[in-house]
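Results of the structural survey
Okay, here's what each chain looks like letter by letter:
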Amino acid sequence: EEVESPFRKVRLLFFGSSAGSALTALYFSALNTVKAYVGGYADAPPLDEALTSDAINLGGAIVCGFLAYREWKVGESNLERIARGGKLASL
């Protein structure tokens, strides 16, 4: 598999860690959204900015998660194809 797609594991690590990073950012931006909605906090951003930040972080988590999942599925299908080729070669 490494010969056919040498950077698949690097891409999988990159997209997976990017999805995790976006989810962490979403957690903290959601806290800011709650603070902005409740009010009374001096460090709370305006609600529209907090909601925009939530949307950006959620979109990033979804896109990076999808890309990581797609890389994983392509890797699995390549391993299955290689296994089938090995079975045919042993005949």
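Along every chain, residues carry numbers that run from 1 in the direction the sequence is written. Under the rules for a predicted model, residues below a pLDDT of 70 receive no local features and side-chain atom pairs below 80 are neither given nor counted, while totals for whole chains, interfaces and linings still include all residues. The side-chain figures draw on all heavy atoms in the structure; neither hydrogens nor water molecules are used.

Some points on the overall build of the chain
Inclusion rule: Helix numbering and strand numbering both begin at the N terminus, where a helix is a DSSP run of H or I of at least 4 residues and a strand a DSSP run of E of at least 2. A 1.4 Å probe rolled over the protein chains alone gives each residue an accessible area, and that area as a share of the maximum for its type sets the label: buried under 20%, exposed over 50%, partly exposed in between. The criterion used for residue contact is that any of the two residues' heavy atoms lie within 4.5 Å. For the accessible areas, the method is Shrake-Rupley and the probe is 1.4 Å, while residue cover comes only from the protein chains on display.
Scanning the chain for helices and strands turns up 2 helices and 0 strands. With respect to the three principal axes, the spread of C-alpha positions in the chain is 75 × 15 × 15 Å. In the chain, which comprises 91 residues, the share counted as buried stands at 23%. Once local pairs closer than 6 in sequence are excluded, the contacts in the chain between residues at least 24 apart make up 65%. When the accessible area of the chain is evaluated, it comes to approximately 6500 Å², of which 69% is carbon and sulfur surface.

A closer look at the packing of helix α1 (residues 8-38) against helix α2 (residues 47-89)
Just so we agree on the cut-off: The convention used is that axes are lines fitted to C-alpha atoms, helices contributing only their stretch in contact, and that angles between N-to-C directions extend from 0 to 180 degrees. What sets the label is the angle itself: under 35 degrees gives roughly parallel, over 145 gives roughly antiparallel, 65 to 115 gives roughly perpendicular, and the rest give oblique. Crossings are classed by handedness, with left-handed meaning an anticlockwise turn of the near helix from the far one by less than a right angle and right-handed meaning a clockwise turn.
Direction vectors running N to C along α1 and α2 enclose 160 degrees, while the axes themselves pass 7 Å from each other. The angle between α1 and α2 falls in the class roughly antiparallel. As α1 runs across α2, the sense of the crossing is left-handed.

A look at the packing of aromatic side chains
Given two aromatic rings, their pairing is described by the distance between the two centres and the angle made by the two planes. The cut-off we apply is this: Each pair of aromatic rings taken from Phe, Tyr and Trp, with Trp reduced to its six-membered ring, is defined by centres within 6.5 Å and is described as stacked if the planes are under 30 degrees apart, edge-to-face if over 60, and tilted in the remaining cases. Criterion for a charge above a ring: Arg CZ or Lys NZ at most 6 Å from the ring centre, at most 35 degrees from the ring normal.
One pass over the full model with this rule turns up 3 aromatic pairs. Taking the centre distance of 5.0 Å and the plane angle of 75 degrees together, the rings of Tyr27 and Phe28 count as edge-to-face. With 6.1 Å between their ring centres and 35 degrees between their planes, Tyr69 and Trp72 make a pair best called tilted. With Tyr69 and Trp72 both in helix α2, this residue pair falls 3 residues apart, about one helical turn. Looking at Lys35, its charged tip hangs above the ring of Tyr41, at a distance of 5.9 Å from the centre.

What about a nonpolar patch on the surface?
What counts, and what does not: Any residue with relative accessible area above 30% and no salt bridge may belong to a patch, with like charges joined within 9 Å and the nonpolar Val, Leu, Ile, Met, Phe, Trp and Tyr side chains within 5 Å. Whenever a carboxyl oxygen of Asp or Glu lies within 4 Å of a side-chain nitrogen of Lys or Arg, that contact is scored as a salt bridge.
Where nonpolar side chains cluster on the molecular surface, the patch consists of Val34, Tyr37, Val38, Tyr41, Leu47 and Leu51 and spans about 640 Å² of accessible area. In terms of residues, the nonpolar patch owes the most to one element, α1, which gives 3 residues. Tracing the sequence through the fold places Tyr37 in helix α1.

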